[in-house]
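Geometric and topological summary
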Amino acid sequence: MKLTNINKRFGNKNVLKNTTLEFPAGKTTVMVGPSGSGKSTILRSLNLLVMPESGQYDFDEHHLDFSQKISNKDKLAIRQETGMVFQDYNLFPNKTVLGNIIEGPTQVLKQSKKEAIANAHNLLTKVGLADYGDAYPNELSGGQAQRVAIARALAMSPKYILLDEPTSALDPELELSVLRVLLQLAAEKQSMVIVTHNMVFAKHVADKIIFVENGEILYDGTPDEFFAPDNPNERVKNFIASMT
Ligand code: ADP
Ligand code: MG
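Residues numbered from 1 in each chain as written. Chains lettered and ligands numbered in written order. Predicted model: local features only at pLDDT ≥ 70, side-chain atom pairs only at ≥ 80, totals over all residues.

Per an unreviewed UniProt entry, the protein carries the name Amino acid ABC transporter ATP-binding protein and comes from Limosilactobacillus albertensis. Per UniProt, the protein carries the Subcellular location (unreviewed entry) text "Cell membrane". (UniProt positions renumbered as here; feature names shortened; annotations may be inferred.)

Rendered as structure tokens:
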């Protein structure tokens, strides 16, 4: 998927200025950068939760021009193909874990309940929560809740999973349980875009790193080069030093 020359303004602030970025399929792209730099705005544009004022978005057979009205058909298709995972999980509090996971597949994909439940059980096993189908979100730790949110996103079989600081709300020991799941998904070549402040994780999981500061893309390339001690880019070096 690819964004070309996108512009996004909030009030009189130009958050994204002619931003062009590619997110390769089958790879994990990690976006890093200081708070307020525009990472969530980019991620949300990929899911059309944020609508840039102009620019193009190419995703498989979809070719969107943000200066034109986006058709509902394109919107629905792209939202379905880009599963979002948020920092604060956003689980439905009044539904069980299983209920949370089968909601989209039964309501949107029109899967039978039986099929959706069977798939949900597989996904819960995958995220290490096989026995938690009947639990309610408030009975889960943050790490468990986030793994349910990941299973819920996967249940829609999206082409891409978009994760916005998925472990920022978690204590380090709970964070690890979520990072393990993401590492496994990366190993399975699940297409992902992850925003994170965890530089050790970024280095391990990323096929590609994007560094955003003040809406500017200051780095777009391999993690090896990004984290190289002799990286000539002072702003990159200062940022990594400030994070580790
Ligand atoms: P990051 O995710 O890197 O912390 P964001 O993309 O959330 O950055 O925000 C980039 C800038 O856009 C910030 O200055 C933020 O205050 C502003 N912004 C983001 N979303 C909104 C919004 N819905 N309304 C107004 N300003 C926003
Ligand atoms: Mg953000």
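1. As for the sheet that holds strand β5 (residues 62–65)
With respect to topology, 4 strands assemble into an open sheet ordered β2-β1-β4-β5, the strand pairing being antiparallel. In the strand order of this sheet, the two ends are held by β2 (13–22) and β5, each with one partner. Neighbouring strand axes in the sheet, compared pairwise and without regard to direction, differ in orientation by 20 degrees on average. Strand contacts of helix α1 (residues 39–46): β1 (2–10) and β2, with the helix running at about 60 degrees to β2, the strand carrying the most contacts. Here helix α2 (residues 72–81) sits on the sheet and contacts β4 (54–59) and β5; the angle it forms with β5, its principal contact strand, is near 115 degrees. (Pairing = 2+ DSSP bridges. Helix = DSSP H or I, 4+ residues; strand = E, 2+ residues; numbered from the N terminus. Axes fitted to C-alpha atoms, helices over the stretch in contact; angles between N-to-C directions. Contact = placed C-beta atoms within 7 Å.)

2. A look at the environment of F239
Topologically, F239 is positioned in helix α9 (residues 234–243). Along the primary structure F239 and E188 are separated by 51 residues, whereas in three dimensions their C-alpha atoms are 30 Å apart.

3. Thoughts on the UniProt feature "domain: ABC transporter" (unreviewed entry) in the protein
As annotated in UniProt, the feature "domain: ABC transporter" (unreviewed entry) corresponds to residues 1–239 in the numbering used here. As annotated, residues 1–239 has a helix share of 38% and a strand share of 25%, and its two end C-alpha atoms lie 27 Å apart.

4. Quick notes on the site of ligand 1
Every residue close to ligand 1 is listed here: F10, K13, V15, G33, S35, G36, S37, G38, K39, S40 and T41. Broken down by secondary-structure element, the contributors of at least two residues to the shell around ligand 1 are β2 and α1. The element best represented in the shell around ligand 1 is α1, accounting for 3 residues. Class assignment of the residues belonging to the shell around ligand 1 gives a composition of 2 nonpolar, 7 polar and 2 charged. (Near = placed C-beta within 6 Å. Nonpolar A, V, L, I, M, F, W, Y, C, P; charged D, E, K, R; others polar.)

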